[in-house]
Amino acid sequence: MVFNWFRRQQRPASPQEEVTSTPSPEVEPEESTSTEEASQDVAADHLNFAKAAYKNIQQQSPQSQPTAEEISSAPAETLESAAQTEPVTPVADEPAGTATDVSEPSTTTSSPFWARAEADRQARIERMRATAIEAPEPVVTPPTATAPPKTPATPLEPAAVPGLPFDEGFVWSAEILAAQGRRPEDVSIEEITWLKKLRQGLDKTRRNLVNQLKAIVGQGPLNQAAVMEIEALLLQADVGVEATDTIINKLQDKLRTEVLPPDAAIAYLKEILRDMLDRPLQKSVNPILAPEKDTLNIWLITGVNGAGKTTTIGKIAHIAQKSGYKCLIGAADTFRAAAVEQVKIWGQRSGIEVIANPGQNTDPAAVVFDAIVAAQSRGTELLLVDTAGRLQNKKNLMEELSKIRRIVDKKAPNANVQSLLVLDATLGQNGLRQAEVFAEAAKLSGVVLTKLDGTAKGGIALAVAQQLGLPIRFIGAGEGIEDLRPFSSYEFVEALLSS
C-alpha cells in the first residue's frame, strides 16, 4: 500500500477536544476529584489507543512475533524436571522373630550382671513387637509429568517491533495522531517514526519553554515583570520581535478576562501559535502543497549554500516516489563544485533520474530547459530543479534566478510552478533577510526549514510566518532520507510545547 505523505490527514484538534473535563454548573464538595478522574480516564484512553496502534503495526511487520500459546507452552523436559522429587526410601521393619527364635536366658544367680541386663532388654523388645500395630508399607509411585493448571489468559504487553520500541515517545506520537481524527488501524510506522524524531529535535527548546512558561502564566494577569520574562523566553527561541509582541498581547487580553491554570494557559498559547502558523495558508492559493496527478508540477528549490538545499531535493524526491508520483530532478546548480555529483548520488538513493549537463560552468537556464523537455516527453508529474546556492546580496546570481523563472513560465505555461526557499533553522533571525530577498526574485510560495535536530530553537518558523507571510511547507529533523516531511502546524506546536 502506497502511503501518500502529501495527502495525509492533518486535522488539528478543536478546542473542545483538548478539554479533558467539562465543568458542571453545580459542583458538589464530594466531586472535587472529578477533574483528576477525568484526566486519568483520558490518559488510559490514550494508552489503549497506543497499544491498539502498536498491535496493528506489529501485525503488519514482516517478522512474526511469538503468540500467547508459544509463550505459555514449555518443553516436556522442563516440566518433567520440575515435577521430579526425591524418591522416598521407607525404613523396613525388622522381621518379627518367633518365640522359639530367641530363648530367654536363665536367670540363675550364677549369671553375671551384664548377662541379666541383656536378657531383660531382649525381653522388653519382644513385648513391644508383640503389642505393636503393624502399619502398611508406603507405596512409592514413580513421578509423572503433569501439566500446570490452566490459568485464565491475560493480555500480554505488545511484543517489540524491530526498530520501534513501545515507549513514551510512541504513546505521545499515537496521542497526536488520535487528536487529528486518526484510528488505530490507520496509524503507520512512518508517521510514528517521524513524530518521534520531530519531538526529539525540539526537545531542548521544549524543556526551556514549558516549565518557565507554566510558572509565569499560572500566576494570573501578566504584570510588567512577567511580560519581560515571557518576551525573553520567546526571543531566545528565535520567535522574533513582531511575533513575540503578538503572542504577549493575546495572552494579556485573555488573562485579563479570566484566570487560567498553567495547563489551560499553555493550551491557549498553543492555539495562538497554530493560528499564527496557519494564517499564511489562508492567503495562499494552495493551502496544501501537493503535486497534481497527471499534470506537470515544477518545483524550484532555492537557498544559500549550506542550508541543505541539495539534500532537501533528494528527500522530497524520495517522498514523491513513495507517494506514487513520477519524479525527475534537474541539476541546475552549475556554479558550486561537485553539486551535480551530489544530486546524482541522491537520485541514486531515491531511484530518480537526474537531468544534468556534462560540461562545467554551463548555463543553469539551459539545464532547466532540457529538464522541462525531458519531463514533458516522459509524462513526469513532479520536476525538482536544483538552483545555484547564492547569497541574497549577490545581484548577478539573483538575476540568474529570475531568468530561470522566466524560462519555466515560457516553456511550460500550463505547469503548476512552485518556488521553495530552504532555510537553515540554526541561523535564527539571519534567515529572515534571506527570505525577504529571495521572495522578490523567485516569487516564493513556501519555506522548507531544515536542521531542526541540531541547535535550532524552532521559533524561526513563527518569525517567517508572522513577518514575511510565508507558509512553512516542509520541515527537516535529521540527515536521513526519511527525515523530511510536510509541515503540520498542530504537530509542530505540540512537539514544541507538550510537557
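Residues numbered from 1 in each chain as written. Predicted model: local features only at pLDDT ≥ 70, side-chain atom pairs only at ≥ 80, totals over all residues. Heavy atoms only, no water.

Structurally, the position occupied by Ser498 is in the segment after α18 (489-497). For Ser498, a relative accessible area of 6% translates into the label buried. Among the polar contacts listed, one links the side chain of Ser498 to the side chain of Lys270, at a separation of 3.4 Å. Within the local environment of Ser498, its side chain forms a polar contact with the side chain of Glu494, the two groups lying 2.7 Å apart. (Helix = DSSP H or I, 4+ residues; strand = E, 2+ residues; numbered from the N terminus. Buried < 20%, exposed > 50% of the residue type's maximum accessible area, 1.4 Å probe, protein only. Polar contact = N/O pair within 3.5 Å; in protein donor to acceptor, adjacent residues only side chain to side chain.)

This part covers empty space enclosed by the protein. A complete count under the given rule lists two cavities of 30 Å³ or more for this structure. Looking at the largest cavity, its volume works out to about 60 Å³. Elements with a contribution of two residues or more to the lining of the largest cavity: α8 (203-217), α11 (262-283) and α18. Per-element accounting of the lining of the largest cavity gives the leading share, three residues, to α8. For the lining of the largest cavity, the per-class residue count stands at 11 nonpolar, two polar and one charged. Taken as a whole, the second largest cavity spans an internal volume of roughly 30 Å³. In this structure, the second largest cavity is lined by Trp194, Leu198, Ile475, Pro486, Phe487, Ser488, Glu491 and Phe492. Contributions of two or more residues to the lining of the second largest cavity are made by α7 (189-201) and α18. Partitioning the lining of the second largest cavity into residue classes produces six nonpolar, one polar and one charged. (1 Å grid on protein atoms, 1.4 Å probe; cavity = no way out; pocket = protein on both sides within 12 Å on 5 of 7 lines; lining within 4 Å. Points joined across faces, edges and corners; volume = space filled by probe spheres on them. Nonpolar A, V, L, I, M, F, W, Y, C, P; charged D, E, K, R; others polar.)

A full pass over the atoms with the stated rule returns five aromatic pairs. Aromatic side chains Tyr54 and Phe170 sit 4.9 Å apart centroid to centroid with 80° between the ring planes, which places their arrangement in the edge-to-face category. In this pair, Tyr54 is assigned in helix α2 (residues 34-60) and Phe170 in helix α6 (residues 168-179), connecting sequence segments 116 residues apart. The burial state of Tyr54 is the same as that of Phe170; both residues are buried. Three or more aromatic residues link up through ring pairs in this structure, and these residues are Tyr54, Phe166 and Phe170. One cation-aromatic arrangement involves Arg199 over Trp172; the distance from NZ or CZ to the ring centre is 5.0 Å. Over the ring of Trp346 we find Arg349, and its NZ or CZ is 4.5 Å from the ring centre. (Phe/Tyr/Trp six-rings, centres within 6.5 Å; stacked < 30°, edge-to-face > 60°. Lys NZ or Arg CZ within 6 Å of the ring centre and 35° of its normal.)

On the basis of which strands lie adjacent, the open sheet formed by eight strands has the order β3-β2-β4-β1-β5-β6-β7-β8 and mixed pairing. Strand pairing shows two members of the sheet lacking a second neighbour, β3 (354-355) and β8 (484-486), which therefore form its edges. Strands in contact with helix α13 (residues 339-350) are β2 (327-331), β3 and β4 (382-386); relative to β2, the strand with the most contacts, it is inclined by about 165°. (Pairing = 2+ DSSP bridges. Contact = heavy atoms within 4.5 Å. Axes fitted to C-alpha atoms, helices over the stretch in contact; angles between N-to-C directions.)

Here we take up the pattern of salt bridges. Here the structure, examined in full by the defined rule, presents 21 salt bridges. Residue Arg206 is joined to Asp203 by a salt bridge in which the shortest nitrogen-to-oxygen separation is 2.6 Å. Taken together, the residues Arg206 and Asp203, both in helix α8 and three residues apart, mark about one turn of the helix. The class for Arg206 is buried, based on a relative accessible area of 7%. In this structure, Asp363 engages Lys403 in a salt bridge whose closest nitrogen and oxygen atoms are separated by 3.4 Å. In this pair, Asp363 is assigned in the loop between β3 and α14 (364-378) and Lys403 in helix α15 (residues 395-411), connecting sequence segments 40 residues apart. The class for Asp363 is partly exposed, based on a relative accessible area of 34%. The class of Lys403 is partly exposed, set by a relative accessible area of 30%. Through salt bridges with shared partners, a single ionic network connects Arg183, Glu185 and Asp186. (Salt bridge = Lys/Arg side-chain N within 4 Å of Asp/Glu carboxyl O.)

On to the side chain of Ser419, then. Position of Ser419 among the secondary structure elements: in strand β5 (residues 416-424). Classification of Ser419 as buried rests on a relative accessible area of 0%. For Ser419, the side chain forms a polar contact with the side chain of Arg405, separated by 3.0 Å. Setting aside its immediate chain neighbours within four residues, Ser419 contacts Leu300, Arg405, Ala442, Lys443, Leu444, Ser445 and Gly446.

Turning our attention to helix α10 (residues 241-257). In an α-helix there are 3.6 residues to a turn, and that puts residues three or four apart on one side. Taking 1.5 Å of rise per residue, the 17 residues of α10 would be expected to cover 24 Å, and the 25 Å separating its terminal C-alpha atoms lies within 8% of that figure. Of all the residues in α10, the buried ones are Ala243, Thr244, Ile247, Ile248, Leu251, Gln252 and Leu255. The arc enclosing the buried residues of α10, seen along the axis, measures out at 165°, which places them on a common side. In α10, the exposed positions angled more than 90 degrees off the buried face are occupied by Arg256 and Thr257. Packed against the buried residues of α10 are α8, α9 (224-236), α11 and α17 (460-468). (Expected span 1.5 Å × (residues − 1). Arc of directions from axis to C-beta.)

On their own, these measurements won't tell you what the molecule is for.
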